[in-house]
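The residues making up each chain are set out below.
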2 protein chains.
Amino acid sequence: MNNPLLPAGLPIAAVERDTGLAKDTLRVWERRYGFPLPARDTHGERVYPPEQVDKLRLIRRLTDLGHRPAKIIGLDLSTLTRMLEDMGSPKDPADPERSAQFAAILKFVRLHLHEDLRRSLQQQLMKLGLQQFVSSVVAPLSSLIGDAWLRGELEIAEEHLFTEQIQNILRAAISTQPMAQGGRPVVLLTTFPEEQHALGLLMVEAMIAPEGASCISLGTQTPLEDIRAATDAASFDIVAVSFSAAYPARQAVEGLRSLRQSLPEQVALWAGGAGIRGCARKLTGVHLFESLDAIPVAIEAWRHQRASDQA
Amino acid sequence: MNNPLLPAGLPIAAVERDTGLAKDTLRVWERRYGFPLPARDTHGERVYPPEQVDKLRLIRRLTDLGHRPAKIIGLDLSTLTRMLEDMGSPKDPADPERSAQFAAILKFVRLHLHEDLRRSLQQQLMKLGLQQFVSSVVAPLSSLIGDAWLRGELEIAEEHLFTEQIQNILRAAISTQPMAQGGRPVVLLTTFPEEQHALGLLMVEAMIAPEGASCISLGTQTPLEDIRAATDAASFDIVAVSFSAAYPARQAVEGLRSLRQSLPEQVALWAGGAGIRGCARKLTGVHLFESLDAIPVAIEAWRHQRASDQA
DNA sequence: TCAACTTTTTGTCCAGGACAATCAATGAAC
DNA sequence: GTTCATTGATTGTCCTGGACAAAAAGTTGA
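About the thresholds
- Residues numbered from 1 in each chain as written.
- Chains lettered and ligands numbered in written order.
- Predicted model: local features only at pLDDT ≥ 70, side-chain atom pairs only at ≥ 80, totals over all residues.
- Heavy atoms only, no water.
- Helix = DSSP H or I, 4+ residues; strand = E, 2+ residues; numbered from the N terminus.
- Buried < 20%, exposed > 50% of the residue type's maximum accessible area, 1.4 Å probe, protein only.
- Least-squares fit on C-alpha atoms with pLDDT ≥ 70 in both.
- Contact = heavy atoms within 4.5 Å.
- Domains from an automatic or database assignment.
- Buried area = accessible area lost by both parts, 1.4 Å probe.
- Expected span 1.5 Å × (residues − 1).
- Phe/Tyr/Trp six-rings, centres within 6.5 Å; stacked < 30°, edge-to-face > 60°.
- Lys NZ or Arg CZ within 6 Å of the ring centre and 35° of its normal.
- Near = heavy atom within 4 Å.
- Nonpolar A, V, L, I, M, F, W, Y, C, P; charged D, E, K, R; others polar.
- Salt bridge = Lys/Arg side-chain N within 4 Å of Asp/Glu carboxyl O.
- Polar contact = N/O pair within 3.5 Å; in protein donor to acceptor, adjacent residues only side chain to side chain.

(A) Local environment of unusual backbone geometry. For the bond from Phe35(B) to Pro36(B), the omega torsion is -5°, close enough to zero to count as cis. The peptide bond linking Arg184(B) to Pro185(B) adopts the cis configuration, its omega dihedral lying at -5°. Locating Pro185(B) in the fold gives a position in the loop between helix H9 (156-175) and strand E3 (186-190). Its identity is not glycine, yet Gln221(A) carries a phi of approximately 60°, on the positive side. Along the chain, Gln221(A) turns up in the loop between strand E4 (214-217) and helix H11 (224-233). Residue Gln221(A) is classed as partly exposed on the basis of its relative accessible area of 24%.

(B) Main features of the relation of the copies chain B and chain A. Of the transformation superimposing chain B on chain A, the axial component is 0.1 Å and the angular component is 180°, with the fit at an RMSD of 0.1 Å. In short, the pair behaves as if placed about a two-fold rotation axis. Judged by C-alpha distance, Ala172(B) is the residue of chain B that lies nearest the rotation axis, at 2.3 Å. Most of the interface of chain B is mirrored in chain A, where 95% of its interface residues again form contacts.

(C) Looking closely at the domain arrangement of chain A. Residue and element names in this part refer to chain A. Partitioning chain A into domains gives domain 1 (12-87), domain 2 (96-175) and domain 3 (186-310). The gap between the C-alpha centroids of domain 2 and domain 3 is 25 Å. Each partner contributes residues to the interface: domain 2 has 13 residues there, and domain 3 has 12 residues. Regarding the contact of domain 2 and domain 3, the summed buried area is about 1,100 Å², with carbon and sulfur atoms giving 80% of it. On the domain 2 side of the interface with domain 3, the three residues burying the most area are Gln131, Val134 and Ile174, jointly 45% of the side's total.

(D) Seen up close, H9(B). End to end, H9(B) covers 28 Å across 20 residues, agreeing with the expected 28 Å (1.5 Å per residue, within 8%). Of all 20 residues in H9(B), 17 are buried; the element is thus mostly enclosed.

(E) Examining the packing of aromatic side chains more closely. Going through the model one piece at a time under the given rule, you end up with six aromatic pairs over all chains. One Lys or Arg, Lys55(A), reaches over the ring of Phe35(A) and ends 4.2 Å from the middle of that ring.

(F) Inspection of the protein's contact with DNA strand C at higher detail. In the vicinity of DNA strand C lie 22 residues, with Trp29(A), Arg32(A), Ala70(A), Arg27(B) and Arg46(B) positioned nearest. In DNA strand C, the atoms that sit within 4 Å of the protein are 71% sugar and phosphate, with bases accounting for the remainder. Of all the secondary-structure elements, those providing two or more residues to the surface near DNA strand C are helix H2 (23-33) and helix H4 (69-72) of chain A together with helix H1 (12-19) and helix H2 (23-33) of chain B. With six residues, the top contributor of residues to the surface near DNA strand C is H2(A). Taken together, the residues of the surface near DNA strand C break down into eight nonpolar, three polar and 11 charged.

(G) Focus on the pattern of salt bridges. This structure, assessed with the given rule, holds 27 salt bridges over all chains. With a shortest N-O distance of 4.0 Å, Arg27(B) and Asp24(B) are connected by a salt bridge. Of this pair, Arg27(B) and Asp24(B) are both found in helix H2, three residues apart, which corresponds to roughly one turn of the helix. Where Arg40(B) meets Glu30(B), a salt bridge forms, and the shortest distance between an N and an O atom there is 3.4 Å. A residue pair is termed long-range when its members are at least 10 positions apart, and Arg40(B) in strand E1 (residues 39-40) and Glu30(B) in helix H2 qualify at 10 residues. Owing to a relative accessible area of 43%, Arg40(B) belongs among the partly exposed residues under this scheme. Each of the salt bridges in this network shares a partner with another, and the network as a whole consists of Glu30(A), Arg40(A) and Arg46(A).

(H) Spatial organisation of the protein's contact with DNA strand D. Near DNA strand D lie 22 residues; those nearest to it are Arg27(A), Arg46(A), Arg68(A), Trp29(B) and Arg32(B). Lys23(A) is positioned such that a nitrogen or oxygen atom in its side chain is 3.5 Å from a phosphate oxygen of DNA strand D. Separating a phosphate oxygen of DNA strand D from a backbone N or O atom of Pro69(B) is a distance of 3.4 Å. Those elements giving two or more residues to the surface near DNA strand D turn out to be helix H1 (12-19) and H2 of chain A together with H2 and helix H4 (69-72) of chain B. Each residue belonging to the surface near DNA strand D can be placed in one class, and the counts come to eight nonpolar, three polar and 11 charged.

(I) Region of the structure containing the interface of chain B and chain A. Taken residue by residue, the interface counts 42 residues in chain B and 41 residues in chain A. Between chain B and chain A lies a buried interface of about 3,900 Å² when both sides are counted; carbon and sulfur atoms form 56% of it. Counting across the interface, chain B meets chain A through two salt bridges. A salt bridge links Arg171(A) to Glu164(B), with the nearest nitrogen and oxygen atoms 3.3 Å apart. The interface formed by chain B and chain A contains 20 residue pairs in polar contact (both at pLDDT 80 or more). Broken down by secondary-structure element, the contributors of at least two residues to the side of chain B that touches chain A are helix H7 (114-128), H9, strand E4 (214-217), helix H11 (224-233) and helix H12 (249-262) of chain B. If one sorts the elements of the side of chain B that touches chain A by residue count, H9(B) sits on top with 10 residues.

Here's what the structure looks like:
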């Protein structure tokens, strides 16, 4: 009956879903490296113990970041976790007040205190203003929570709870922005297929909206061809694409190259997010953002450029 | 180089993504039924022409609705489309004013007139109030747009544009609801894994919020085990799960049974959405909703029930 | 330091067999 | 006539093990 609520182990299809590793890849790793080495049920089918799945998740993240499977597949859980932390966020600036706030918010998430969570986020928003709130609260908190989930300290449900609350708050805040009619630049915002992370988009939108620019979000997972087609139908000045840390960097680079080529020349292509940090020199004609704070500046620069072009 | 912007045909992995049919299934159908019958590239790998992919998409929808592959795989595109329409929405009530509005909104979507789209939706919301807006505008429009996409009359990007705008409007509207502190019942809202459709959740939330109940949404794709665990951590009165038309009905039924069993008895389990229409008798202990309008009534009933229990 | 070439690594594809789970049809019992 | 068990066909997913192109790493020469 395979009751998913009493997990003795996962079948291969579930592991594929959970880790993002194709069934073929799982089988070929087993053949080549001896890991994962699942048990077998009575019909000879693979049954993966949860620990192996946890380890696979870590390995997957590390390979996305450029490590080779053969080099890391033999290491143990704690080593892998450490590697991931080393590669990730360089450091926290250790502002004591802020980190206390973050700790409190993390506690709310862990204890499912949605009401407290909502209130404290809302408070921060009021205090800091939308842009500041996004760049110095939402962004670091998101990666904190992502890391905590990776380390198994948080359930997926708890990450979802946080994401939902942030979405509510950001969307509400964005929709109260004065929204200049016909504001320029007009920005088309989306992610590539296979990128499901919607929060990055919303953060970008929140940085753009207060600048008086028009931002049209297509949500996640828009096929490249559709993005190009959208620039025919409407007159966008900028296409902006966001990549989460889980997105394979080479796939991002290739997609951006291809998209750059198919877009009209006068349409700028912007990209940002943890998924493509440090790929700048591989891309020409694409404006790469290392930080959310660079967005308002870039909008200003775009306007300046445009003004001088027309003169 | 396989430029996705000049599609001569899709490799099997892309077809799996587009149709939701596993690679194994695609190969075994070819072996058994002779369809799909893709071309081969120089390395002998399958290259699926776009028409075959379109047909596969339709077949997939029909099998989810209970048809057997062998019976329908030989039929042609127009026949399949007709079957799908017959099974789908019974009819439109032919309110001339409303259908004119819908036609206008569809036009805005098709022409990417996001500004007009936003304005006309906002107008409807103001005129009808949140609940009425959701049940008689958002819900029918969503299925209209879903159908149009299925028939190839809309790009995915256009569906996304619509979904994003609706999300913005609904989330903003929900967050302005007075939100009774500690309002009962407390509802936990989510979807099962593999169900990505977030709009259904938002519609439910919009129906619940004005009733003064507390609604905590976990967004899409929460593992069953996490849903159960969440009811430990916080005290929910109701767990509500939504299923889009694309969700396989039997999977929904099985999941609901399993979840019902693992939830505490005093927690009610509600389910709704096109994905489980007509499955009522297969489920005991689960409140099945055929329509969004039934939600406010059910909340009222829950309160009444509870009042008499305590007396 | 960079470019061109070679080798190794790695993910994905293929064929074709197997089989359990599901569905449809049939028959028995109430 | 409806319900329930039995049988038989259908169908999705898993298996093994071989193959190979694309990407990365290593090597050589300017």
